[in-house]
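Now for the letters of each chain:
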Amino acid sequence: MNKRKKYTTALASSAFLFTLTACTNPFISTSKVSSSSVGTSASTGLSSSSTGLSSSSTTSSSSSSDPNPGYIKKDIDYCAINRKSSYAPSKGKQKALVILVSFSDGYYSITDGFISKINKYYFGAKTDTPYNWNSLSTYYSTASFGKLELTGKVTAVYNATVTSQSIKTSDRSLSDLYSVYDDAISSIQAGTLKASDGSTINLADFDNNNDNFIDSPTFITNVYDDKIWGSTFWPHMSNAEGEGEKKHLFGTYSSTNMGHITDNYSGGARTAIHEQGHVFGLDDYYDYSDAIDENSTQIDLIGGADMQDNTVFDWNPYSKMLMDWVNPYVIDGTKNSVTLTIEPGSTSGDCVLIPANYSTWNGTPYDEYLLLELFTPNGNNELDWKSWKSSYSADLGFGGIRLYHVDSCLYGYSDTDTLGAWIDDPKNTTYTETETFCNSRLAKDYGYTHLPKEDADCHQIQLIQAGKVNTFGSTDETVNHTLTSADLFKSGDKFTFSGYKDFFPKETTMDNGEDFNYTIDFKSVTSSKATINITLNN
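Keep in mind it's a predicted model, so treat the numbers as computed, not measured.

Trainee: Hey, could you run me through the overall build of the chain in this one?
Mentor: Along the chain, the regular secondary structure elements total 10 helices and 20 strands. A burial count over the chain gives 59% of its 538 residues as buried. Surface summary for the chain: the accessible area is close to 20,400 Å², and the carbon and sulfur share equals 47%.

Structure representation (structure tokens):
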């Protein structure tokens, strides 16, 4: 049972047609400060219990002959798509549809050369992309360890019947943009808008889960977004299900514009990859809240080094758990001491999840725990490793352990109810809507308005900096907000809760009120493997 206090909150009667996640490309601007912000919207089946303690256990990441090793290898059976069925499937063979939309007053021209480029950037090989980095397809093949095979088609150009200026100045700008996109999809259905190679598009091919919605539609416009973060034509993900009486051909979609698809290092498929993360069910991990004043800055709880933050590097293990791409080693409290050897997370999927109390962990990613991985310049991290140093003067060295505090407990509510509550078991809840903590300083700026005020200082995922000073959570603009080697745990480092209490809002306990009684000793950390000892303190 989740020990978080069961706060109840009276909900204002409100209905939102759209939930919008607005994104940024920090290679263009690292400030992320804008004039406007918009937001998005118990049976565990575990294989061991926490009855009693025994002697220490040692294992490698590959196997263990001990029938009670002090951990379980957990299959994730409740993911982002289980939380919200409108998210796109993220496993198996999936198809994405890229729709090109031209406005008569658009800033850019959609040429044959651009269309060829989009086909390569989205669905080509690494060698087809700027700096041989990644296409949308190759990035997700690597990130998912081959569990996701993403292919697709690019359409010919759909010519909008309204101007972009009419949408920018409309009181219903997002809804008006959606109507244009809906007309483009209707043209595909009618057979008048074909693929860029002239072939006819069968929309059923892009509904792999047979829910009557296209799974991963992406719209690319020729409109200049005026570099206004959160504006209608800024890259975003939205969920447009349920408007009026018309049956929709798509629900969750992503949108971008040609200005974010360039040939330089920060261009290519990066924005597309980031937005697709939202379509799969991920939040942004940067701060939507404006700086407090001119002498302060925004927080960045993971130091920018993540695809859902600064559009760089691989996904973190929490994100991958939400897709069922990794199976974490979960410490179950049945041993006084457990020693694990793990390999780089970006190529092996190895990660270790440590709940404060295994018996109250709900068995899903949507709970509170510590999570660690070996972060090295491998896989999707390889090319960004060097550019990180040149872009931010932040040397990552050979890498090290990234240790996270995750609190993504779900708060449930229903449109017809006046009260909400924390959900103990996400797999068995009657609530129709949920919210979790975000990485914005103020949750309301992310669009999360139902979370209890008592938990205002809690966040979804925060990196615990090895140096013990929480600069990532500070609004002081003079301190470091970018991941460096010094933030990673190395050989000989040790984590205790009391030593790192400044990374936890309550300082003496986890957010849910539980004591964290483990010591984590980083015995040996290299670029190829890390040996970690986890001790339960009696």
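Next, the rest of the story.
Trainee: Is there a simple way to think about unusual backbone geometry in this case?
Mentor: Excluding glycine, a negative phi dihedral is what most residues carry, and trans is how most peptide bonds are arranged. Not every positive phi belongs to a glycine, and N132 is a case in point at roughly 55°. With respect to the helices, strands and loops of the structure, N132 is situated in the loop between α2 (112-123) and α3 (136-143). For N132, a relative accessible area of 46% gives the class partly exposed. Within the chain, F313 stands out as a residue other than glycine whose phi angle is a positive 65°.

Trainee: Can you walk me through the pattern of salt bridges in this structure?
Mentor: Side chains carrying opposite charge are able to pair once their charged atoms draw close together. Summed over the entire model, instances satisfying the criterion amount to 13 salt bridges. One salt bridge connects D445 with K444, and the closest N-O pair in it is separated by 3.2 Å. Judged by relative accessible area, K444 falls into the exposed class, the value being 56%. Notably, a salt bridge pairs D502 with K501, separated by 3.7 Å at the nearest N-O pair. Assessed through its relative accessible area of 43%, D502 is described here as partly exposed. You can call K501 partly exposed: its relative accessible area is 35%. Within the structure, one salt-bridge network assembled from shared partners comprises K74, D77 and K427.

Trainee: Is there a simple way to think about the packing of aromatic side chains in this case?
Mentor: Given two aromatic rings, one states the distance between the centres and the angle between the planes to describe the pair. Counting across every chain of the model gives 41 aromatic pairs. For the pair Y181 and F219, a centre-to-centre distance of 3.9 Å together with 5° between the ring planes defines the contact as stacked. On the criterion of sequence distance, the pair formed by Y181 in helix α5 (residues 173-190) and F219 in strand β6 (residues 216-221) is long-range, its members being 38 residues apart. F219 carries the same exposure label as Y181, and that label is buried. On the numbers, 4.8 Å between centres and 45° between planes, the contact of F375 with W385 is tilted. Residue F375 is located in strand β12 (residues 368-375), and its partner W385 is located in helix α10 (residues 382-392); the two are separated by 10 residues in the primary sequence. Just as F375 is buried, W385 falls in that class too. Through a chain of ring-to-ring contacts, three or more aromatic side chains come together here, namely F489, F495, F497, Y500, F503, F504, F516, Y518 and F522. Here the basic side chain of K73 rests over the ring of Y329, its NZ or CZ set 4.8 Å away from the ring centre.

Trainee: Can you help me understand helix α6 (residues 270-280) in this one?
Mentor: An α-helix turns once per 3.6 residues; consequently, residues spaced three or four apart project the same way. Summarising burial for α6: 11 of the 11 residues are buried, a large majority. Listing the buried residues of α6 in full gives R270, T271, A272, I273, H274, E275, Q276, G277, H278, V279 and F280.

Trainee: Quick question: what am I supposed to make of the sheet that holds β12 here?
Mentor: Sheet strands associate in pairs through backbone hydrogen bonding, adopting either a parallel or an antiparallel arrangement. With mixed pairing, six strands are arranged side by side in an open sheet as β3-β9-β11-β12-β13-β17. Both edges of this open sheet fall to β3 (71-73) and β17 (461-463), since each of them pairs with a single strand only. Between one strand and the next, the sheet's axes are offset by a mean angle of 25°, whatever the strand orientation. Here β12 runs beside strand β13 (residues 400-407); their pairing, made up of eight bridges, is antiparallel. Directly across from E373, in β13, lies its bridge partner R402.

About the criteria used
Residue positions are given per chain, counted from 1 along the sequence in the order it is written. Note on the predicted model: pLDDT of at least 70 is required for a residue's local features to be given, and 80 or more for side-chain atom pairs to be given and counted; whole-chain, interface and lining totals, by contrast, use all residues. Hydrogens and water are ignored here; the side-chain numbers use all heavy atoms of the structure. Runs of E in the DSSP output that reach at least two residues are strands. Runs of H or I that reach at least four are helices, and both are numbered from the N terminus. Partly exposed describes any residue whose relative accessible area lies between the buried limit of under 20% and the exposed limit of over 50%, with all areas from a 1.4 Å probe on protein chains only and scaled to the type maximum. The protein chains shown are the only cover counted for residues, whose accessible areas, like all others here, come from Shrake-Rupley with a 1.4 Å probe. A pairing counts as a salt bridge when a side-chain nitrogen of Lys or Arg comes within 4 Å of a carboxyl oxygen of Asp or Glu. Planes of paired rings set the category: under 30 degrees apart is stacked, over 60 is edge-to-face and the rest tilted, where pairs are Phe, Tyr or Trp rings (Trp by its six-membered ring) whose centres lie within 6.5 Å. By definition, being over a ring means that NZ of Lys or CZ of Arg is both within 6 Å of the ring centre and within 35 degrees of the ring normal. For two strands to be treated as a pair, DSSP must find no fewer than two bridges joining them. Axis definition: a line fitted to C-alpha atoms, limited for helices to the stretch in contact. Angles are taken between N-to-C directions and run from 0 to 180 degrees.

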